[in-house]
Every structure is written in C-alpha cells, then in structure tokens.
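Each chain, letter by letter, is given below.
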Amino acid sequence: MKTIGVYIHIPFCKRKCPYCDFYSVSHSASAGDDRILDDYTELLCQRLKEDGERLSCQADTLYFGGGTPSLLGAERLCRILRQAKESFGLSDAEITLEVNPEKRDLDFDRLRQEGFNRISIGLQSANDNELQALGRLHSVSDAEFCITRARQAGFENLSLDLMIAVPRQTRESLLHSIHFCALQEVTHISAYLLKIEPGTPFDRMKDRLLLCDDDEQAERYLLTVETLQRLGYQQYEISNFARPGFEGRHNLHYWHDEEYLGYGPSAHSFLNGQRFFYDRSMESYRRDIRISDGTGGDEEEYLLLALRLREGVTEERFFRRFGYPIPRRYYQRAIPFQKAGYLSSDSHGIRLTPKGFLVSNTIISTLLTP
Ligand code: SF4
C-alpha cells in the first residue's frame, strides 16, 4: 500500500492580512458564520471518507494549513482528524495544526488527546510594532501565551513562523525575533522573506511601506541563516530550520517529490503520477471540480524540488528513485555556480549554499535548461 502525505486547507481567517495571497475568506464569529464552519467540516469529512473507500493509501503526515485552521475550534478539528485516521490510518504520523496566536481559547488539551502532535504558530515577529505594520491581530504576549498553553497540553514539537524584511524591521529587531524563538526552545522555525504579492493591499501601498532593498533583504536572510545555525537550528530547506530530528516531515514529502493529497479550495495534489488542484473558490470545491495540472515526478521536477533542500540532490536518493546516477550534465552546468560560491557538488550530489538559495530560481532554471 502506498504512503502519502495529506494536506487539509482551512480557508477562513478572522481578517485578511494585507500581504497575504493564500486563499481564505474573512470569517466573523456570528452564528451564521459558525454554520459555515460546520458545513465545511462536514464537507471535508465526506471527501476524506470517499477517498478512504476509493483509494488504497496510508498517510504518514497530516497537515492542517490555511487560512487559519485554529479558527475551526478543537471539536471540528478533532472530528476531521478522526475521519482522516479512518481513511488513511495515520499510525505514527506527524499531525500538524497551524495556529494563530490571537485565538486564546483554543483547547490544546483536547487536540493533544485526539492525536495532534505538532503545532505551527504564526508568530511572524517578536516586535509588536512590526506585527501592527503587518496587520496581524495578535501581540507578542498572545504568542507567548499560545506557546505556553501548547506546552502545558503536552505538545513538544512546536514550530514558529518568522518573517524577514517586513516594514519597520531593523537588523537588531530581526535578531530580537530570532532570539525570542530560540528562547522559547521550539523545535522548528520557518523564516520567510516578505514577498509583495500582486493584487494584495501591500502591493498597492508598497511605495509607502519603506521596505528595504534587495541587497539588504539578502543580508538579513544570511544573518537569519547564520544566527539560527549558531543557536542550534540546522537549515534543511531554503526557509526552514530545525533542531536535529525535527525537520517537518510533511513538507519533506513535497521537496522529495513524493505523493500527497490536498483537500479544500486551492489545495494541490500529486497522486499516481498525476498533478491536480482545486480552484480558489469554495463553490468549485463543493462541486468537486478538479483541475488537471499534467503529470509529475520526472527527473527535472525532482531536481527542481530537491535543490530547495540543504542536502540538495543526493546520488543515493536519486538512484533509489530513478535507478541511475545523477546525469553528468547537471554537474557540468553547476561548475560556474560552484566557482562563484552559490553551490557545491561532490560524489554525494549537488546542493545550493545559503548564498545560492537567494538566487535559487535562476540557478535551478540554468541547471535544468542551459
Ligand atoms: S492569517 Fe495567515 S492565511 Fe490568514 S490572511 Fe493572515 S497570513 Fe493569510
């Protein structure tokens, strides 16, 4: 029986953050809106049940992302988890829930009892003035409260999200955020450069945001990598850092070009060699309109994804996947980047350096198509 990852998208947020391009709709806590959450929970359970009966798959990771999954509340989340277990087993699985710190009444005890074992908290910054500039609804003390509550409930595997090069941030305030994360002794940190997404409020007001230039962004990224490394967080992907043994197993499915199923509007899937996704519309999801995205899993796609990892493309994994060594042409195309310090290669494979990660798109596309 094949083993996959399962992603569940919860497309609701209390309020849209002005930089965000993920698919989600604003949700207020009125009675009518609660029915929307109930209906969506039922719809997800029904889809999970159908797939459990139709497909012969086990899952070893389940990831609730969004949107704001914590907005569903513990009971609905546990109901979905129970159905996912019935459909995909999930024995010894990593089961992650994304949580936004403003939800102070989330029942972590209930979540832990049901089997959730990893919490990913949207901290973004440990400076209140930056959180305000980002339009976030929580404060630093909300985040501290959230971490404490999760720990008290028995969650040992905690991840924090951090944003780099946000409005009002300085190198000093970035360092403060990084040290805040390390002081919380979390197992995992995701650190992303702010990207101005077309069509978002930040895109419309970008000239007034006083953002730092590309060189300064690069400096801050490298500062983040070095500092986290010094604090015991190994970089294992462009934006992800972990204590040894706590790398996020779910996202590793994506970067190893392995198969997964996505539930909810805007969710993508890769199953039996086929890629498909749902549109950014609740109505399309309700009507189960899947959009084909062609085939996946070939050599080039594998390289494209694996080069996001610090270990890069390894001879061992590549051989296990394709039954032949990494073709020599990729090593040859890598030489100029290696000389410039963007990449390293040896008998174990090819990998980008932190400096190379900053221009990964250019390097990867040159390696694939000279
Ligand atoms: S809470 Fe997260 S998903 Fe929702 S709008 Fe903000 S950044 Fe986007």
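A brief structural summary. (Residues numbered from 1 in each chain as written. Predicted model: local features only at pLDDT ≥ 70, side-chain atom pairs only at ≥ 80, totals over all residues.)

**Here's the deal with the overall build of the protein**
Working step 1: Within the protein, the regular secondary structure consists of 15 helices and 17 strands.
Working step 2: Against the 2.2 N^0.38 benchmark of 21 Å for 370 residues, the protein shows a C-alpha radius of gyration of 21 Å, consistent with a compact globule.
Working step 3: In terms of overall dimensions, the protein has a C-alpha envelope of 60 × 50 × 40 Å along the principal axes.
Working step 4: Within the protein, the fraction of its 370 residues that count as buried is 38%.
Working step 5: Partitioning the intrachain contacts of the protein with sequence separation of at least 6 by distance along the chain shows that 68% fall at a separation of at least 24. (Helix = DSSP H or I, 4+ residues; strand = E, 2+ residues; numbered from the N terminus. Rg over C-alpha atoms; globule rule 2.2 N^0.38 Å. Buried ≥ 20, exposed ≤ 12 C-beta atoms within 10 Å, placed from the backbone. Contact = placed C-beta atoms within 7 Å.)

**Some points on the sheet that holds strand β15 (residues 313-314)**
Working step 1: One open sheet holds the three strands; their spatial order is β15-β17-β16, and the pairing between them is antiparallel. Taken across any chain shown, the strands that pair with only one partner, and hence form the sheet edges, are β15 and β16 (343-346).
Working step 2: Summarising the sheet, β16 and strand β17 (residues 349-352) pair through four bridges and their orientation is antiparallel. Residue Ser345 lies in a different strand from β17, and its bridge partner there is Ile350. (Pairing = 2+ DSSP bridges.)

**Quick word on helix α11 (residues 299-306)**
Working step 1: Of all the positions in α11, only Tyr302, Leu303 and Ala306 are classed as buried. Considered in projection along α11, the buried side chains sweep an arc of 95 degrees and stay on one side of the axis.
Working step 2: Of the surrounding secondary structure, the elements contacted by the buried residues of α11 are α9 (249-255), β15, α12 (315-322), α13 (328-339) and α15 (360-368). (Arc of directions from axis to C-beta.)

**Focus: the nonpolar core**
Working step 1: Ranked by size, the top nonpolar core spans 93 residues in total, and within it Val6, Ile8, Leu77, Ile121, Leu162 and Ile189 carry the most contacts.
Working step 2: The element best represented in this core is helix α2 (residues 74-88), accounting for six residues.
Working step 3: What Ile121 contacts, discounting residues up to four positions off in sequence, is Val99, Pro101, Ala143, Cys146, Ile147, Leu158, Ser159, Leu160 and Asp161. (Core = buried A, V, L, I, M, F, W, Y, C linked by C-beta atoms within 7 Å.)

**Quick look at the environment of Leu48**
Working step 1: On the secondary structure map, Leu48 appears in helix α1 (residues 31-54).
Working step 2: Between the C-alpha atom of Leu48 and that of Glu219, which follows or precedes it by 171 residues, the distance is 44 Å.
Working step 3: Ignoring any residue separated from it by four or fewer positions in sequence, one finds Leu48 in contact with Gln83, Ala84, Ser87 and Tyr263.

**Section: the packing of helix α6 (residues 171-183) against helix α8 (residues 214-230)**
Working step 1: One way to put it is that α6 packs onto α8 with a least axis distance of 11 Å and a crossing angle of 35 degrees. Handedness of the α6/α8 crossing: right-handed. Contacts from Arg171, Leu174, Leu175 and Ile178 in α6 reach Arg220, Leu223, Thr224, Thr227 and Leu228 in α8.
Working step 2: Each residue belonging to the contact of α6 with α8 can be placed in one class, and the counts come to five nonpolar, two polar and two charged. (Axes fitted to C-alpha atoms, helices over the stretch in contact; angles between N-to-C directions. Left-handed = near helix turned anticlockwise from the far one by under 90°. Nonpolar A, V, L, I, M, F, W, Y, C, P; charged D, E, K, R; others polar.)

**Examining the packing of α13 against α15**
Working step 1: It is the contact of α13 with α15, at a shortest axis distance of 9 Å, that shows an interaxial angle of 145 degrees. In this structure, α13 meets α15 at a crossing whose hand is right-handed. For the pair formed by α13 and α15, the contact residues are Tyr330, Arg333, Ala334 and Phe337 on the first element and Ile363, Thr366 and Leu367 on the second.
Working step 2: The residue makeup of the contact of α13 with α15, split by class, is five nonpolar, one polar and one charged.

**Some words on the environment of Ser266**
Working step 1: Relative to the helices and strands, Ser266 resides in the loop between β11 (260-263) and β12 (268-271).
Working step 2: Sequence separation between Ser266 and Ser24 is 242 residues, and the spatial gap between their C-alpha atoms is 9.3 Å.
Working step 3: When near neighbours in sequence (up to four residues on either side) are disregarded, Ser266 contacts His9, Tyr23, Tyr278 and Arg280.

**Structural notes on α6**
Working step 1: Counted at 1.5 Å a residue, the expected span for α6 with its 13 residues is 18 Å, and the 18 Å between its end C-alpha atoms agrees.
Working step 2: Buried within α6 are the following residues: Leu174, Ser177, Ile178 and Cys181. For α6, the arc enclosing every buried residue in end-on projection is 95 degrees, short of the 170-degree limit, so these residues lie on one face. Exposed positions of α6 whose direction lies more than 90 degrees from the buried face are Glu172 and Leu183.
Working step 3: Positioned one or two residues after α6, Glu185 has a phi angle of 55 degrees, which is positive. (Expected span 1.5 Å × (residues − 1).)

**Structural notes on unusual backbone geometry**
Working step 1: Backbone torsion omega between Gly66 and Gly67 reads 15 degrees, so that peptide bond is classified as cis.
Working step 2: If you trace the backbone, Gly67 turns up in the loop between β4 (57-66) and α2.
Working step 3: One non-glycine residue, Glu185, lies in the positive phi region at around 55 degrees.
Working step 4: Position of Glu185 among the secondary structure elements: in the loop between α6 and β8 (188-193).
Working step 5: Phi at Leu210 takes a positive value of approximately 55 degrees, unusual for a residue other than glycine.

**Description of the environment of Gly199**
Working step 1: Residue position: Gly199 is located in the loop between β8 and α7 (201-204).
Working step 2: Sequence separation between Gly199 and Pro69 is 130 residues, and the spatial gap between their C-alpha atoms is 24 Å.

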